[in-house]
Amino acid sequence: MLTKGECLTEDMCYNAWLNILRNPLSCAKELDILESLIKEHFNPNPYKYEDLKVGMWVWENKLKMCVKIRSIIELEEENKKCIDYGFGYVEYKENRLFPITKSLVYQEEYKND
């Protein structure tokens, strides 16, 4: 995953691509950044608990649907982290919540069904 400093705007991406076309042998960093962006887009990493925010839309991989996070609570006495989607609380589990671009992967897998 790219760091905040490596996140590119559309103009920066275009300029990096032009630099690669003009001088491909000296643009290893630009090529690495573009490759990371492409991989991240087509194979997004799951969110960590710390990355989740109220109001955020996420792909819920277990339910196979996009959901909006209504609230986030931590039950310290039970050592649980819970997410409310508006239809009940669900315990947070790793590798379950993804950027909504993950839904495109799901749609592609089931396009011919």
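As a reminder, the structure under discussion sits directly above these lines.
The structure displayed is predicted, hence computed values, not measured ones.

Participant: Lay out the sheet that holds strand 6 (residues 97-98) with the relevant residues and their values.
Facilitator: If you walk across this open sheet you meet the three strands as 2-1-6, and the pairing is antiparallel. Each of the sheet's edge strands pairs with one partner strand only, and the pair in question is strand 2 (65-68) and strand 6. Bridge analysis of strand 1 (residues 57-60) against strand 6 gives two bridges, and the strand direction is antiparallel. Across the sheet, the residue bridging to Trp59 is Phe98, located in strand 6.

Participant: Lay out the packing of aromatic side chains with the relevant residues and their values.
Facilitator: Taken as a whole and assessed by the stated rule, the structure comprises two aromatic pairs. Plain terms: the ring middles of Tyr85 and Phe87 are 5.7 Å apart, the flat faces sit at 45 degrees to each other, and that makes the pair tilted. When the ring centre of Phe98 is taken as reference, the NZ or CZ atom of Lys102 above it lies at 4.8 Å.

Cut-offs and rules
Residues numbered from 1 in each chain as written. Predicted model: local features only at pLDDT ≥ 70, side-chain atom pairs only at ≥ 80, totals over all residues. Heavy atoms only, no water. Pairing = 2+ DSSP bridges. Helix = DSSP H or I, 4+ residues; strand = E, 2+ residues; numbered from the N terminus. Phe/Tyr/Trp six-rings, centres within 6.5 Å; stacked < 30°, edge-to-face > 60°. Lys NZ or Arg CZ within 6 Å of the ring centre and 35° of its normal.

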